[in-house]
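Observations on the three-dimensional arrangement
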Amino acid sequence: MSDPTHLSLAEARDALKSKKLSAVELTQAHIGAIEKSRALNCFITETPELALAQARESDARIARGEARPLEGLPLGIKDLYCTKGVRTTAASRILDDFTPTYESTVSANLLGDGAVTLGKLNLDEFAMGSSNETSAFGPVVSPWRRAGDPDAKIVPGGSSGGSSAAVAAHLCLGATATDTGGSIRQPAAFTGAVGVKPTYGRCSRWGIVAFASSLDQAGPITRTVRDAAIMLKSMAGHDPKDTTSVDALVPDYEAAVGASVKGRRIGVPKEYRIDGMSAEIAALWDRGAAWLKDAGAEIVEISLPHTRYALPTYYIIAPAEASSNLARYDGVRYGRREQGRDVIDMYEKTRAAGFGPEVRRRIMIGTYVLSAGYYDAYYVRAQKVRSLIKRDFDEAFASGVDAVLTPATPSTAFAQGEKGAADPVEMYLNDVFTVTVNMAGLPGVAVPGGLAANGLPLSLQLIGKPFDEETLFSLAAAIEAAAPKIEFPQPWWREG
Amino acid sequence: MATQAAPTKFIKGATGDWEVVIGMEIHAQVTSNAKLFSGASAEFGGAPNDHVSLVDAAMPGMLPVINEECVKQAIRTGLGLEAKINLRSVFDRKNYFYPDLPQGYQISQYKYPIVGEGEVIVDVSPTERIMVGIERLHLEQDAGKSLHDLSATESHVDLNRSGVALMEIVSKPDMRSAEEARAYVSKLRTILRYIGSCDGNMEQGSLRADVNVSVRKPGDPLGTRCEIKNVNSIRFIGQAIEVEARRQIGILEDGGSIEQETRLFDPSKGETRSMRSKEEAHDYRYFPDPDLLPLEFDQPYVDALKAQLPELPDAKRARFIEQYGLPPYDAGVLVMERAAADYFEETAKGRDAKLAANWVINELFGRLNKEGLDVASSPVSSKALGAIVDLISQSVISGKIAKDLFEIVWTEGGDPKEIVEARGMKQVTDTGAIEAAVDAVIAANPDKVDQAKAKPTMLGWFVGQVMKQTGGKANPQAVNELLKHKLGV
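All values reported here derive from a predicted model rather than from experimental measurement.

A look at the packing of helix α7 (residues 225–235) of chain A against helix α16 (residues 469–482) of chain A
All names here are of chain A. At a closest axis distance of 9 Å, the pairing of α7 and α16 adopts a crossing angle of 160°. Classified by the interaxial angle, the pair formed by α7 and α16 is roughly antiparallel. Seen from above, α7 lies across α16 with right-handed handedness. Packed against α7, whose contacting residues are V225, A228, A229 and L232, the element α16 presents E469, F473, A476, A477 and E480 at the interface.

Listed below in structure tokens is the structure:
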């Protein structure tokens, strides 16, 4: 058999089931690829021995005819998910060598379905960033290179950059990720992968290091739509330990892949045609609409009038929640502690040394917008705008639209150091098409639509009704089928 | 302010009368097996950090889940305070850094508490009742405990209490004396104990009070208040108010002004001292906790809890007055503790209720107080006391003998009726025997007989002599009648 890391998750599953391949062989192949790909810096912690032990167990189960839905399939876990007995860092110095005694619900769901876990994937520190450059463990390098510019290190997007790069570089069959303002969809878009941010409440947040609790949601990054559907089925579900998780039936998402999209009404929001949108992105968007139309869907223009307020509003709400969520990293109970003259001095030294500049900036913004005298002007108003953004979508869906089509990102991936060095807002603008979805708690999918002239992937975003991920999977599959097939890069980065 | 105190409650200052205005925030630990947002035990004590879950220690990725039992207790308490129950309330985060606050914020209710306005009837004295308004009741988490004396260079933190559910009960500034404030806390504690939502144990910190005190000249607008934090006994609450009112009057009479601040009461020095001023007050950056949905329930849920509430002290007091014909004060004393009220009703059942009430209040409570016991651990059961009351009612023993009998039952136990039989404590009702004793006393004291004829109040002396002769067992009424007859008075 050829290189098993080049199988899709669905293909690998079927190969294991028909015993053409063993879980140990599949796992070993991925461990080998990871070892040769350290130049990409995808993993913060590799767990090859754990993975092989899980794979041996999977082979035993397959032999006994007791295979579970993800039996023996090697995945990567974003290092924001707490993993029992495996160091969990959130890509921050402040957690030091924190090793949880517990497993996050979503990763536990995957393990319970038989998945093999290869290790913990790099990310922006505390998931705050759009390029993976804020990681305390160094930036992740995308396997993609710009045409004619082999020296520029391209970013894999963020915050789930380790996840997207590892998937695109065939270091795992799929990866868990999290999305607060675009952290699944934007890195998926930057690497030609598929990224699904489910409806808020679809996946449990329990055991995932919190960034902004009202926006955070777990989801998969994979190389195909079908793979994402398979993974999400295992990840999703009600969890009594997370009050905001929703007790709703989790459908068989894989069955939606390939389902007809005939007669579906797709809204194209005029407000997303932002000033300065590149012709290439505009053309991609038009192509996406055409592909869906060809598949039998109806394209209608819609209006989401409060779209332009989404980004500034997001950058009030997310930091506000983060400033409070990150208060627990105080050097008292776990993680890093710097000695101080007294407790206040200890706090200040610990947090100054433990948090990187972007995290510190967001804590400062969040503290400011919640403080007396500013709370009403910033936080309360932002919440009002947030409900208007949600209402825009509610009205669009009420008018008969089944899903909304937009570009996933305003540009292709950029190179390290190109954006945000002087002005952080330049980096924040990456999320302009994705944040609205988190603000409204809706499901969103990024699906590749081809390559740009610079050789880097371009992606479309589909936004669905609450808990209607199925429609998104069928629409995303239609785009995937119509779009030029993404050929992931050859492993130029491999050592030896 | 609506109410003004009676002039008798004013404090005399150098420049005239002052009125003290008091409002209180009571923190009552909710009686529940588990903490407010985690499954960990809420039991008091245990080795440090024994009752700590991952949520209580604020481990990364942990989320709070509301404990429904605590919600029910808050609703029940709200009903007991005749208060508005809010069908929708919101949990907020109160952000501040402290080592015994693991999350870096306390989950509390700020804008939308679970319970709104209510009122409490407070018995200040046998003759005075006042109404104290309740502003709100909300649920919140307790913090852990910092221990600074275990090491010279380090502090230790015990998180056993971290996350335990508290009800903060905020009164209106409706109290006008230390006495009223003490009576309010006492009444609130009675209500909480009846409902079973808080054990009211101030020594263990289950009930703590923050006392807001201000003073003013009668008729003036409210003065600037100071908040005295964490006063942990009813006696200290009274003392703290008195010294704080005196301190404020002293400052104002010297031409100074009161600064709004938080103060601590030091019982050993009998003074309050500044903890932090208004300028140093924290900016808590309250905002709705995004980990928790708003707390919502419907009216039938509240109604079901209401239907299960026990009879509360005010209703019980009214019933005791009505059903047993007790004086209001006695009824009030009996209902202070639910167990005591139950004890009384068991004792009074099928008997002379007033007599039973006297025995419960005077003999039993007196003795329990002296020994520092509560009703539940009384050596004399309600059944035994009932039997003693029966023996008195049936004129088998006199009141005086009954006290001896009570003492025997208290110290030795046993069935009162059998003790009376076995020890020959029955009072003598045989008129022949009494008459003999009466005749003997008359015969021995001819001079006193003459005096008695002139001055009928001498009769008492004769009664005493007869009782002495009969070892206290003669029926006093029979003695009285015979004497009257024989002496011709």
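Let us keep going from here.
Some remarks on the packing of aromatic side chains
On inspection of all chains with the given rule, the structure shows 31 aromatic pairs over all chains. A ring pair is formed by B:Y284 and B:Y286, whose centres lie 6.1 Å apart and whose planes are at 65°; its orientation type is edge-to-face. The exposure class assigned to B:Y286 is buried, which follows from its relative accessible area of 18%. Taken together through their ring pairs, the aromatic side chains of A:F98, A:F126, A:Y329, A:Y334 and A:F355 make up a single cluster. It is A:K241 that lies over the ring of A:W206; its NZ or CZ is 3.6 Å from the centre. Over the ring of B:W461 we find B:K448, and its NZ or CZ is 4.7 Å from the ring centre.

Concerning the packing of helix α1 (residues 68–80) of chain B against helix α2 (residues 178–195) of chain B
All names here are of chain B. α2 packs onto α1 with a crossing angle of 130° between their chain directions and a minimal axis gap of 10 Å. For the element pair α1 / α2, the angle class is oblique. The chirality of how α1 crosses α2 is right-handed. Across from R76, T77 and G80 in α1, the residues of α2 making contact are I191, L192 and I195. The residue makeup of the contact of α1 with α2, split by class, is three nonpolar, two polar and one charged.

With respect to the interface of chain A and chain B
Counting from both sides, the interface comprises 39 residues of chain A and, opposite them, 30 residues of chain B. With both sides pooled, the region where chain A packs onto chain B buries about 2800 Å², and carbon together with sulfur makes up 59% of that total. The interface formed by chain A and chain B includes one salt bridge. Note that B:D291 is salt-bridged to A:R205, the shortest N-O span being 3.0 Å. In this assembly, chain A and chain B are joined by 16 residue pairs in polar contact (both at pLDDT 80 or more). Elements supplying a minimum of two residues to the side of chain A that touches chain B: α10 (310–325), α11 (343–354) and α12 (357–370) of chain A. With five residues, the top contributor of residues to the side of chain A that touches chain B is α10(A).

Observations concerning the domain arrangement of chain B
One can read the domain layout of chain B as domain 1 (7–304), domain 2 (311–422) and domain 3 (431–487). Between domain 2 of chain B and domain 3 of chain B, the C-alpha centre-to-centre distance is 32 Å.

A closer look at the environment of B:E322
Relative to the assigned elements, B:E322 resides in helix α5 (residues 313–324). What makes B:E322 exposed here is its relative accessible area of 68%.

A word on a nonpolar patch on the surface
Together, A:Y368, A:Y374 and A:Y378 make up an exposed nonpolar region whose accessible area comes to about 270 Å². Looking at the secondary structure, you find A:Y378 in helix α13 (residues 376–398).

Concerning the sheet that holds strand β11 (residues 457–464) of chain A
All names here are of chain A. Strands sit in the order β1-β3-β2-β4-β6-β5-β10-β11-β9-β7-β8 across an open sheet of 11 strands; the sheet is mixed. Each edge of the open sheet is held by one strand with a lone partner, namely β1 (43–46) and β8 (298–302). Going across the sheet, the axis of each strand differs from the next one's by a mean of 30°, ignoring polarity. When strand β2 (residues 74–78) meets strand β3 (residues 116–121), the two strands line up parallel, connected through four bridges. For L75, the partnering residue across the bridge sits in β3 and is T117. On top of the sheet, helix α2 (residues 23–35) reaches β1, β2 and β3; it is set at about 20° to β3, its chief contact. The strands touched by helix α9 (residues 279–294) are β7 (265–269), β8, β9 (403–407), β10 (444–451) and β11; relative to β11, the strand with the most contacts, the crossing angle is about 55°.

Remarks on unusual backbone geometry
Residues and elements named next belong to chain A. The omega torsion across G158 and S159 is 5°, close enough to zero to call that bond cis. Inspection of the secondary structure assignment puts S159 in the loop between β3 and α5 (161–168). Despite not being glycine, A90 shows a phi value in the positive range, around 55°. Here A90 shows up in the loop between β2 and α4 (105–112). Phi is positive for A91, which is not a glycine, with a value near 55°. Relative to the assigned elements, A91 resides in the loop between β2 and α4. Judged by relative accessible area, which is 0%, A91 ranks as buried.

About the cut-offs
Residues numbered from 1 in each chain as written. Chains lettered and ligands numbered in written order. Predicted model: local features only at pLDDT ≥ 70, side-chain atom pairs only at ≥ 80, totals over all residues. Heavy atoms only, no water. Axes fitted to C-alpha atoms, helices over the stretch in contact; angles between N-to-C directions. Helix = DSSP H or I, 4+ residues; strand = E, 2+ residues; numbered from the N terminus. Parallel < 35°, antiparallel > 145°, perpendicular 65-115°, else oblique. Left-handed = near helix turned anticlockwise from the far one by under 90°. Contact = heavy atoms within 4.5 Å. Phe/Tyr/Trp six-rings, centres within 6.5 Å; stacked < 30°, edge-to-face > 60°. Buried < 20%, exposed > 50% of the residue type's maximum accessible area, 1.4 Å probe, protein only. Lys NZ or Arg CZ within 6 Å of the ring centre and 35° of its normal. Nonpolar A, V, L, I, M, F, W, Y, C, P; charged D, E, K, R; others polar. Buried area = accessible area lost by both parts, 1.4 Å probe. Salt bridge = Lys/Arg side-chain N within 4 Å of Asp/Glu carboxyl O. Polar contact = N/O pair within 3.5 Å; in protein donor to acceptor, adjacent residues only side chain to side chain. Domains from an automatic or database assignment. Patch = residues over 30% accessible without salt bridge, like charges linked within 9 Å, V, L, I, M, F, W, Y side chains within 5 Å. Areas by Shrake-Rupley, 256 points an atom, 1.4 Å probe, with all protein chains shown as cover. Pairing = 2+ DSSP bridges.

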